[in-house]
There are 2 protein chains.
Amino acid sequence: MGKGLKKREEDFSSWYNELVSKADLAEHSDVRGCMIIKPYGFAIWENMKNELDRMFKETGHQNAYFPLFIPKSYLSKEADHVEGFAKECAVVTHYRLKNADDGSGVVVDPDARLEEELIVRPTSETIIWNSYKNWIQSYRDLPILINQWANVVRWEMRTRLFLRTAEFLWQEGHTAHATKQEAIEETEKMLDVYAAFAQDYMAMPVLKGVKSENERFAGALETYCIEALMQDGKALQAGTSHFLGQNFAKAFDVTFSDSDGKSQHVWATSWGVSTRLMGALIMTHSDDLGLVLPPKLAPIHVAIVPIYKGKDQLNEISVVANQIAHKLRALNIKVKFDDDDKRKPGWKFAEYEMKGVPLRIAIGPRDLENGTVELARRDTLEKSAVNQEGIEDKIVVLLKEIQLNLFKKAKNFAQNNTHKADTIDELSNILDNKGGFVLAHWDGTKESELKIKEKTKATIRCVELDAPNEKGVCIYSGKPSSKRVVFARAY
Amino acid sequence: MGKGLKKREEDFSSWYNELVSKADLAEHSDVRGCMIIKPYGFAIWENMKNELDRMFKETGHQNAYFPLFIPKSYLSKEADHVEGFAKECAVVTHYRLKNADDGSGVVVDPDARLEEELIVRPTSETIIWNSYKNWIQSYRDLPILINQWANVVRWEMRTRLFLRTAEFLWQEGHTAHATKQEAIEETEKMLDVYAAFAQDYMAMPVLKGVKSENERFAGALETYCIEALMQDGKALQAGTSHFLGQNFAKAFDVTFSDSDGKSQHVWATSWGVSTRLMGALIMTHSDDLGLVLPPKLAPIHVAIVPIYKGKDQLNEISVVANQIAHKLRALNIKVKFDDDDKRKPGWKFAEYEMKGVPLRIAIGPRDLENGTVELARRDTLEKSAVNQEGIEDKIVVLLKEIQLNLFKKAKNFAQNNTHKADTIDELSNILDNKGGFVLAHWDGTKESELKIKEKTKATIRCVELDAPNEKGVCIYSGKPSSKRVVFARAY
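Residues numbered from 1 in each chain as written. Chains lettered and ligands numbered in written order. Predicted model: local features only at pLDDT ≥ 70, side-chain atom pairs only at ≥ 80, totals over all residues.

### Observations concerning the overall build of chain A
Logical step 1: Per the secondary structure count, chain A includes 14 helices and 26 strands.
Logical step 2: Taken along the three principal axes of its C-alpha coordinates, chain A extends 80 × 70 × 55 Å.
Logical step 3: Burial statistics for chain A: of 491 residues in total, 49% are counted as buried.
Logical step 4: Relative to all contacts within chain A whose residues are 6 or more apart in sequence, the contacts with residues 24 or more apart total 67%. (Helix = DSSP H or I, 4+ residues; strand = E, 2+ residues; numbered from the N terminus. Buried ≥ 20, exposed ≤ 12 C-beta atoms within 10 Å, placed from the backbone. Contact = placed C-beta atoms within 7 Å.)

If you want it as structure tokens, here you go:
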């Protein structure tokens, strides 16, 4: 059937690429680094988006839309930001094409050169704060709590579907506040929203922490993040929430008069997650047979496959299948009854396994006699004969169980793959042999961080928010340290 | 309050611009022709999008996502298409910026020139059909029924918020079929979806028809459209559905083997609506006090304004207001209780009128005594005293009534502003004095169409699908004609 994947143990990277392709999630386009998200992949992303959007609205945010293009000069206004973002980006220089003189097609019209080049947004702080300037006069105009769902472009040289692409889809929240305290609270609140989403919907446990200065967002005073552990022992940054201080307000001259009539600069946050979450979802749960999806994000919950010879048998089975499908749909369970006569049951089984459908029902002639069906779980691959009568209640329970089981399994994996290291050699050894998160002492300096990275290829993923105080010495410099931080090799 | 608008009769165009600004729907950005859709405007667009998306899915379509960028050479592959779209567009020529030598900011890095320029998509037929080529081998792979929600860019010289902007948001459906008949049925089905959405959700009556050859989409064999009539008597094309024949399949060499194993080119459709619908919605219903929204698309259905002196009175009123709000929310009615102490009731009344909130409740101390509230309809501006008891049932009925009333009013307007003309002078006269749709005979030639346009500034909006046969002569050429077509001046 050509559906088999490389094994994860043999070659995790090829396994991932093959899975993304064979589960029909995404593919590379002819445009360097830009992906095509196929309908099945997009349906999963839509489910993520809908839940996140609901969570943002429940925490008081509204959606809006800002321009795709940013005038080049805007990027330069915030010094750190331009260093971080003004390097690899798509630059629009002209606004017209014309027919080539030699009839060979169209060419750029040299007369249609823009006075100032436009950058396709790599992130929207600059264009948004340029607008907020006009929206904010008084403390009465604050807070502004806005989110936008958008495409952004960063000209990446080495791309991988979902994980690192030149164009990707994301949401970016941009909020404006009257006080530092309120802005920090917002930054932390949105980190909690991301963590809750990762755990409750993606069934993906995450660490919550802050980045070291070196790994901070360009222009932020503090970058909070959630970090997840993939099955190959590498970490993946799954979402970030930035406390931007007054940097962008100062760069774009955004002030407000407080209740005493005094003029002050506005405080800012920004926060985002992207289609990268698709990569995280895949690498957290999936196995050598294909995708494994948590029910809360699955486009199809139950696939029903008839096992039959001839049209009469199919008709009899269809009656039962449609009854079950009807009862399940009434409970908001998404069902696909696959009566396509052009494919064999074995092909369909492999297909729904590859696509990570949480439950599969098979119905054959023997089942009709017995009033049963065969029910198979995608997560454990367990099969059992189940009575048709009352099957809907069983499925409701099972879907919840699968959701929890996936989280538990991933949580166990993360725990079993979190180690402590007290020397740099120990860190290297663990990363070379087991991978995972490694807790180690660090003196808080950029120099030590970079040296450790150089020697071990590990970065500091975060300083966990709830890391206990523990006296120790930096594994590089031997200088004192008050808590362990999380090292890992990362995507 | 500075909230007043120009009157529609005096200056429709200024009225529109002021309304868009004062109802907080959108504004111009610093980037030429690109708009910022503000939260209130975006909430209306989101409501439109959600309903349309549901309708697309109910008719069997799936969402996907294709790249923002199109290689320049793709545009040239379909001859008509390149003529229509390869003119005014944003061209990406470079992929990197660098620090300027003189320290003045960033400049385009001349070493980072793309080998082939990329065009920011003005529409996605070319990039999508280039992908379909790999997705389609056999008749079993058909039909493909895909939609994408995306931003597109057409470098318009004269822009107006929502109506004509360089960047706009839209959806574009792109379907692939095994037979001509099936593709034509799809084209017509999606036109029906658009017409149903316009009428049932936007409360906007539309004509359904086909465009003349001259007004066809670049690359289509037939362009179907819905046309609406704005309050100033100008027509607005609100959605189009294109039968593309085999043009794109031939341009991108997309073939399939049919059930006999014979290789054939695939048949195509594409169809789209955009944020332009926001302009249509505004100009169909709104009045000199501001926006008027059909309840089915309103972000807020009911605004409750307390009328009070002092905190104690506000507290008493709040109890009643919250009870009502609670009962309404249980019925999925979106309520805003505006107890902001910084604004006076008169200001709030004007604000909710400007924003088109369908119903307003005012509660004062007298109402507390009487067990009543004052209920005001935005569409008719009628006010009445209504008992608090059972008000939720009344509001459910009223919201339906307002939805229907808006449609009826717009339908009457369109009927009263549809005229017949039998000579070109008559056509000119009607357009100069009354505007509206004008039904007139036309000989079917491009030449006559262009001459009529030159003399009257009117275009053929469509040949209505249900236009009755009627023998007549073309108002320009005098040649025979078998039915009247719809002329109008248009947005």
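Continuing now.
### As for helix α2 (residues 39–58) of chain B
Residue and element names in this part refer to chain B.
Logical step 1: Compared with an ideal rise of 1.5 Å per residue, which puts 20 residues at 28 Å, α2 spans 28 Å between its outermost C-alpha atoms and is within 8% of the ideal.
Logical step 2: Among all positions of α2, only G41, F42, A43, I44, W45, L52 and F56 are buried.
Logical step 3: A positive phi of about 90 degrees marks G60, the residue just after α2. (Expected span 1.5 Å × (residues − 1).)

### A short note on the domain arrangement of chain A
Logical step 1: Each assigned domain of chain A is listed here: domain 1 (12–69 + 127–285), domain 2 (302–398) and domain 3 (420–488).
Logical step 2: Put simply, the middle of domain 1 of chain A and the middle of domain 2 of chain A, counted by C-alpha atoms, are 39 Å apart. (Domains from an automatic or database assignment.)

### Focus: the relation of the copies chain A and chain B
Logical step 1: Screw-axis analysis of chain A against chain B gives a translation of 0.0 Å along the axis, an RMSD of 0.0 Å, and a rotation angle of 180 degrees. The symmetry that links the two subunits is that of a two-fold axis. Residue V92 of chain A, judged by its C-alpha, is the member of chain A lying nearest the rotation axis, at 2.1 Å.
Logical step 2: Most of the interface of chain A is mirrored in chain B: 100% of its interface residues are interface residues there too. (Least-squares fit on C-alpha atoms with pLDDT ≥ 70 in both.)

### Here we look at the sheet that holds strand β20 (residues 383–387) of chain B
Within a sheet, adjacent strands bond to each other through the backbone by hydrogen bonds, running parallel or antiparallel.
Residues and elements named next belong to chain B.
Logical step 1: The strand order β17-β16-β18-β19-β20 describes an open sheet built from five strands, whose pairing is mixed. Single-partner strands in this sheet number two, and they are β17 (335–337) and β20. In this sheet, neighbouring strand axes are inclined to one another by 25 degrees on average, regardless of whether the strands run parallel or antiparallel.
Logical step 2: Here helix α9 (residues 310–329) sits on the sheet and contacts β16 (302–306), β17 and β18 (359–363); the angle it forms with β16, its principal contact strand, is near 170 degrees.
Logical step 3: The strands touched by helix α10 (residues 345–354) are β16 and β18; relative to β16, the strand with the most contacts, the crossing angle is about 170 degrees. (Pairing = 2+ DSSP bridges. Axes fitted to C-alpha atoms, helices over the stretch in contact; angles between N-to-C directions.)

### Some remarks on unusual backbone geometry
Logical step 1: Here the bond from L142 of chain A into P143 of chain A is cis, since omega is -5 degrees, no more than 30 degrees from zero.
Logical step 2: Mapped onto the elements, P143 of chain A comes out in the loop between α5 (125–135) and β8 (144–153).
Logical step 3: Although it is not a glycine, F162 of chain A adopts a positive phi angle of roughly 70 degrees.
Logical step 4: Along the chain, the position of F162 of chain A falls in the loop between β8 and β9 (167–177).
Logical step 5: The backbone phi angle of A203 of chain B is positive, close to 55 degrees, even though this residue is not glycine.

### Focus: the confidence of the model for chain A
Logical step 1: In the predicted model, chain A carries a mean pLDDT of 96, and the fraction of residues at 70 or more is 99%.
Logical step 2: Across the interface, the model reports ipTM at 0.96; the global pTM reads 0.97. (pLDDT = per-residue confidence, 0-100.)

### Re the packing of helix α13 (residues 424–433) of chain A against helix α14 (residues 446–456) of chain A
All names here are of chain A.
Logical step 1: Viewed as axis vectors pointing N to C, α13 and α14 meet at an angle of 45 degrees, and their least axial separation amounts to 10 Å. In this view, α13 runs oblique relative to α14, as classed from their interaxial angle. In the crossing of α13 with α14, the sense of the turn from one axis to the other is right-handed. Residues I424, L427, S428 and L431 of α13 form the contact with α14, whose participating residues are I452, K455 and T456. (Parallel < 35°, antiparallel > 145°, perpendicular 65-115°, else oblique. Left-handed = near helix turned anticlockwise from the far one by under 90°.)

### A closer look at α10 of chain B
Residue and element names in this part refer to chain B.
Logical step 1: Taken residue by residue, α10 has K348, E351, Y352, E353 and M354 as its buried positions.
Logical step 2: Of the surrounding secondary structure, the elements contacted by the buried residues of α10 are α1 (12–22), β16 and β18.
Logical step 3: Where α10 ends, the next residue or the one after it, G356, has phi of about 75 degrees, a positive value.

### A few points about the interface of chain A and chain B
It is common to give the size of an interface as the accessible area that goes away when the parts come together.
Logical step 1: Tallying the contact residues gives 54 residues for chain A and 54 residues for chain B.
Logical step 2: Per element, the largest residue contribution to the side of chain A that touches chain B is 10 residues, and it comes from strand β5 (residues 88–99) of chain A.
Logical step 3: Pairing of β5 of chain A with strand β5 (residues 88–99) of chain B involves five bridges; the strand directions are antiparallel. Paired with H94 of chain A across the bridge in β5 of chain B is V91 of chain B.

### What to know about the sheet that holds strand β3 (residues 62–63) of chain A
All names here are of chain A.
Logical step 1: What the 11 strands build is an open sheet, ordered β3-β8-β9-β15-β12-β11-β10-β23-β26-β22-β21; its pairing is mixed. Because the sheet does not close on itself, it has two edges, and the strands there are β3 and β21 (418–420).
Logical step 2: Across the face of the sheet, α13 comes into contact with β21, β22 (437–441) and β26 (484–488) while running at roughly 175 degrees to β22.

### Points about the environment of I128 of chain B
Residues and elements named next belong to chain B.
Logical step 1: As for its position among the elements, I128 is in helix α5 (residues 125–135).
Logical step 2: Along the primary structure I128 and T175 are separated by 47 residues, whereas in three dimensions their C-alpha atoms are 9.8 Å apart.
Logical step 3: Discounting residues that sit within four places of it in the chain, I128 has contacts with F66 and H174.

### Quick notes on the pairing of strand β8 (residues 144–153) of chain B
All names here are of chain B.
Logical step 1: Most of β8 sits out of view: seven of its 10 residues are buried.
Logical step 2: Relative to β8, strand β3 (residues 62–63) runs parallel, the two sharing two bridges. Paired with Q62 across the bridge in β8 is I146.
Logical step 3: Across 10 bridges, β8 lies against strand β9 (residues 167–177) in antiparallel orientation. The partner of V152 across the bridge, within β9, is F168.

### Comments concerning the nonpolar core
It is characteristic of soluble globular proteins that their nonpolar side chains tend to be buried jointly.
Logical step 1: With 309 residues, the main nonpolar core has A198, I226 and A228 of chain A together with A198, I226 and A228 of chain B as its most contacted residues.
Logical step 2: If near-sequence neighbours (up to four positions away) are discounted, I226 of chain B is found in contact with L191, Y194, A195, A198, V206, L207, K208, A238 and G239 of chain B. (Core = buried A, V, L, I, M, F, W, Y, C linked by C-beta atoms within 7 Å.)

### A word on the environment of G105 of chain A
Logical step 1: Counting through the fold element by element, G105 of chain A comes out in the loop between β5 and β6 (106–108).
Logical step 2: If near-sequence neighbours (up to four positions away) are discounted, G105 of chain A is found in contact with A100 of chain A together with S73 and S76 of chain B.

### Digging into the pairing of strand β23 (residues 459–464) of chain A
Residue and element names in this part refer to chain A.
Logical step 1: Two elements, strand β10 (residues 207–210) and β23, share two bridges in a ladder whose sense is antiparallel. Bridged to V210 within β23 is V463.
Logical step 2: With three bridges joining them, β23 and β26 adopt antiparallel strand pairing. Across the sheet, the residue bridging to I460 is F487, located in β26.

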